[in-house]
Amino acid sequence: MKNPILFIAFWIALLGFFAWDWVGSDPVNVHLEPPLIAAGSGRAPSGGHCASTF
Amino acid sequence: MKRFPLAAVMAAFFVFLVWFVSLRQAVLFLIGIGMGSVLAGARFGFTTGWRRLIEHRDPSGVLAQLFLLVLAAAVSIPLLAAYPTDLGAALGPPSISLLVGAFIFGASMQVADGCGSGTLYKAGMGVPLNMAILPVFAFGSFLGSAQLDQWLQLGAIKPVGLVAEYGPLPAFLLTLAGLAVFAIAAMAWAGKSARWFDRKLFIGAALLAVLAVLNLVVAGQPWGVVYGFGLWFGKIATAAGVFDPATNPFWSQPVNMANLSQSVFMDVTSITNIGILAGALYIAARKSSSSKASTPLTSTQWIIGIVAGFLLGYSSRLAFGCNIGAMVSGISTGSLHGWIWVPMAFLGSLIGVRVRRHFQF
């Protein structure tokens, strides 16, 4: 750790963002859980990816 | 910093994901931790490997990267052929935006001393410039995705996937031949006396290949980094009321609208990014006592580094991925855009190392 103040500020900001996001986002419907392994599940991938145009 | 409390926090977050989100996301978090640990532990830098080849004629980093691509492609391509509906390749369209984006990304990553994965793991390890770059990287990634439609109007063709186009065996042989050409070119540039094998980097490459394939098998899509950054900033911009995703061609797409409204813990790319940060932090906890203090950056270096960080984010969206999304995932899943990305990013790196030298990084 080369800059403790920046290091602490970075992690506080990051964890703060995740906490804010969790509280403000739609609740997770655990009954619609995605398959643990996509390969062989019969379901098409549905996440966003940097290579996609949509 | 102690490792045990860190491990306890990571374990607690894993249980949280299992209980409140999904088992798949918890497993992807573990895969991300593995990626961050390997990247930080082996100091597996895509940027550094290219720079060492350009400046010191040391091909060991680049050859380790090619080894990673061979291993990942050898497993990913047959898997994509076996499960064509369950697994997706990293298919980006060959386009003007790809040419421009990859070139700028290649230059910027040398100045910022980190690509997508490099910025993440170095930020996790506490490297000051990379920690400062992460937010502007996210802003650039968001802005690039928001303007992607305008860039695509300059000229683009449909994505080309070698597996769907030619079948798994020809696709793999074509990939192998292309990587062999890269390896021969790197060896020829380096000269006969150059040391080409670095054991630590090759072990890192093999482990990263395993983790990249696991990401594909579990998530159904290849490893990516920069989509998650753009999503993070997009959520902030939307919540602040300065951005309306419904009027934007990219963010109004159903998958992106859904990601904006649900927790980032549900997003595949975000959860592996979080894992990479955590894995790198864990490695840094061990290394902190022995790491050497580096010279503090000047004001000019900070400004140049931050600007490069913004350009990293913006250009990676134009290029349909960074070293991970476009190069590792693109090439290992048979996407033509990965093969266009590499030479353009390398040309950019030739400029970037000179800019880096000029500002005495």
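Anything mentioned here points back to the structure above.
It should be emphasised that the depicted structure is a prediction, and the values quoted were computed from it without experimental measurement.

About the thresholds
- Residues numbered from 1 in each chain as written.
- Chains lettered and ligands numbered in written order.
- Predicted model: local features only at pLDDT ≥ 70, side-chain atom pairs only at ≥ 80, totals over all residues.
- Heavy atoms only, no water.
- Helix = DSSP H or I, 4+ residues; strand = E, 2+ residues; numbered from the N terminus.
- Rg over C-alpha atoms; globule rule 2.2 N^0.38 Å.
- Buried < 20%, exposed > 50% of the residue type's maximum accessible area, 1.4 Å probe, protein only.
- Contact = heavy atoms within 4.5 Å.
- Buried area = accessible area lost by both parts, 1.4 Å probe.
- Salt bridge = Lys/Arg side-chain N within 4 Å of Asp/Glu carboxyl O.
- Polar contact = N/O pair within 3.5 Å; in protein donor to acceptor, adjacent residues only side chain to side chain.
- Nonpolar A, V, L, I, M, F, W, Y, C, P; charged D, E, K, R; others polar.
- Phe/Tyr/Trp six-rings, centres within 6.5 Å; stacked < 30°, edge-to-face > 60°.
- Patch = residues over 30% accessible without salt bridge, like charges linked within 9 Å, V, L, I, M, F, W, Y side chains within 5 Å.
- Areas by Shrake-Rupley, 256 points an atom, 1.4 Å probe, with all protein chains shown as cover.
- 1 Å grid on protein atoms, 1.4 Å probe; cavity = no way out; pocket = protein on both sides within 12 Å on 5 of 7 lines; lining within 4 Å.
- Points joined across faces, edges and corners; volume = space filled by probe spheres on them.
- Disulfide = S-S within 2.5 Å.
- Expected span 1.5 Å × (residues − 1).
- Arc of directions from axis to C-beta.

To continue, consider the overall build of chain A. Within chain A one finds 1 helix and 0 strands. Against the globule reference of 10 Å for 54 residues, chain A gives a C-alpha radius of gyration of 17 Å, more extended than a compact globule. Principal axes of the C-alpha set define a box for chain A whose edges measure 50 × 25 × 25 Å. Out of the 54 residues belonging to chain A, those deemed buried represent 30%.

Taken residue by residue, the interface counts 39 residues in chain A and 66 residues in chain B. Carbon and sulfur atoms make up 71% of the surface buried where chain A meets chain B, a total of about 4200 Å² over both sides. Where chain A touches chain B, the interface holds 1 salt bridge. Note that Lys 235 of chain B and Asp 21 of chain A form a salt bridge whose closest N and O atoms lie 2.9 Å from each other. Across the chain A-chain B interface, the total number found is 16 residue pairs in polar contact (both at pLDDT 80 or more). Tallied by class, residues from the side of chain A that touches chain B come to 23 nonpolar, 11 polar and 5 charged.

A separate point is the packing of aromatic side chains. The relation between two aromatic rings is expressed through the spacing of the ring centres and the mutual angle of the planes. Residues and elements named next belong to chain B. Counted by the stated rule, this structure contains 32 aromatic pairs over all chains. Ring plane angle 40° and centroid distance 4.9 Å describe the contact between Phe 197 and Phe 202, whose orientation is recorded as tilted. Judged by its relative accessible area of 40%, Phe 197 is partly exposed. According to the relative accessible area criterion, Phe 202 is buried, its value standing at 12%.

This brings us to a nonpolar patch on the surface. On the surface, Leu 36 and Ile 37 of chain A together with Val 18 and Leu 23 of chain B cluster together into a nonpolar patch covering about 270 Å² of accessible area. Inspection of the secondary structure puts Ile 37 of chain A in the segment after helix H1 (4–24).

Estimates place the volume of the second largest pocket at around 500 Å³. Around the second largest pocket, the lining comprises 27 residues; the ones closest to its centre are Pro 34 and Ser 46 of chain A together with Arg 24, Gln 262 and Met 266 of chain B. Among the secondary structure elements, those contributing two or more residues to the lining of the second largest pocket are helix H2 (23–41), helix H11 (199–219) and helix H13 (254–261) of chain B. By residue number, the principal contributor to the lining of the second largest pocket is H13 of chain B, which donates 4 residues. Class assignment of the residues belonging to the lining of the second largest pocket gives a composition of 15 nonpolar, 7 polar and 5 charged.

Counted according to the given criterion, the structure contains 0 disulfides over all chains. Lacking any disulfide linkage, Cys 50 of chain A is separated from the closest cysteine sulfur, that of Cys 322 of chain B, by 5.8 Å. Take Cys 115 of chain B: it sits in no disulfide, and the sulfur closest to it among the cysteines is that of Cys 322 of chain B, at 6.1 Å.

Turning to helix H5 (residues 96–112) of chain B, a few remarks are in order. All names here are of chain B. Between its terminal C-alpha atoms H5 stretches 24 Å, which fits the 24 Å expected from 17 residues at 1.5 Å a residue. Counting buried residues along H5, 12 of its 17 residues qualify, which places the element largely inside the surrounding structure. Among the residues making up H5, those that are buried are Ser 97, Leu 98, Gly 101, Ala 102, Phe 105, Gly 106, Ala 107, Ser 108, Met 109, Gln 110, Val 111 and Ala 112.

Residue and element names in this part refer to chain B. Under the defined criterion, the tally for this structure stands at 2 cavities of 30 Å³ or more. Estimated volume of the largest cavity: approximately 50 Å³. Along the walls of the largest cavity sit Ser 76, Ala 212, Leu 216, Pro 222, Trp 223, Val 328, Ser 329, Ser 332 and Thr 333, which together make up its complete lining. Taken together, the elements giving at least two residues each to the lining of the largest cavity come down to H11 and helix H16 (323–332).

Glancing now at unusual backbone geometry. Residues and elements named next belong to chain B. Positive phi, normally seen in glycine, also occurs at Arg 43, with a value near 50°. Take Arg 43: it is sitting in the loop between H2 and helix H3 (46–56). The phi dihedral of Gln 360 is positive, around 55°, even though this residue is not glycine. Structurally, Gln 360 can be placed in the segment after helix H17 (336–358).

Right, let's talk about the pattern of salt bridges for a bit. All names here are of chain B. A full pass over the atoms with the stated rule returns 7 salt bridges over all chains. For Arg 51, the salt bridge is made with Asp 113, and the minimal N-O distance between the two is 3.1 Å. With Arg 51 in helix H3 and Asp 113 in the loop between H5 and helix H6 (116–125), the pair connects residues that are 62 residues apart, well separated along the chain. For Asp 58, the salt bridge is made with Arg 52, and the minimal N-O distance between the two is 2.9 Å. Arg 52 sits in the partly exposed class, given a relative accessible area of 38%. Ionic contacts of the salt-bridge type, sharing partners, join the residues Arg 51, Asp 113, Lys 122 and Arg 356 into one network.

Bringing helix H1 (residues 3–21) of chain B into the picture now. Residues and elements named next belong to chain B. For H1, which comprises 19 residues, the first-to-last C-alpha distance of 26 Å matches the rise-based estimate of 27 Å (1.5 Å per residue) to within 8%. Those residues of H1 that sit buried are Leu 6, Met 10, Phe 13, Leu 17 and Val 21. All buried residues of H1 lie within an arc of 60° about the axis, which places them on one face of the element. Opposite the packed face of H1, turned more than 90 degrees from it, sit the exposed residues Phe 4, Val 15 and Trp 19.

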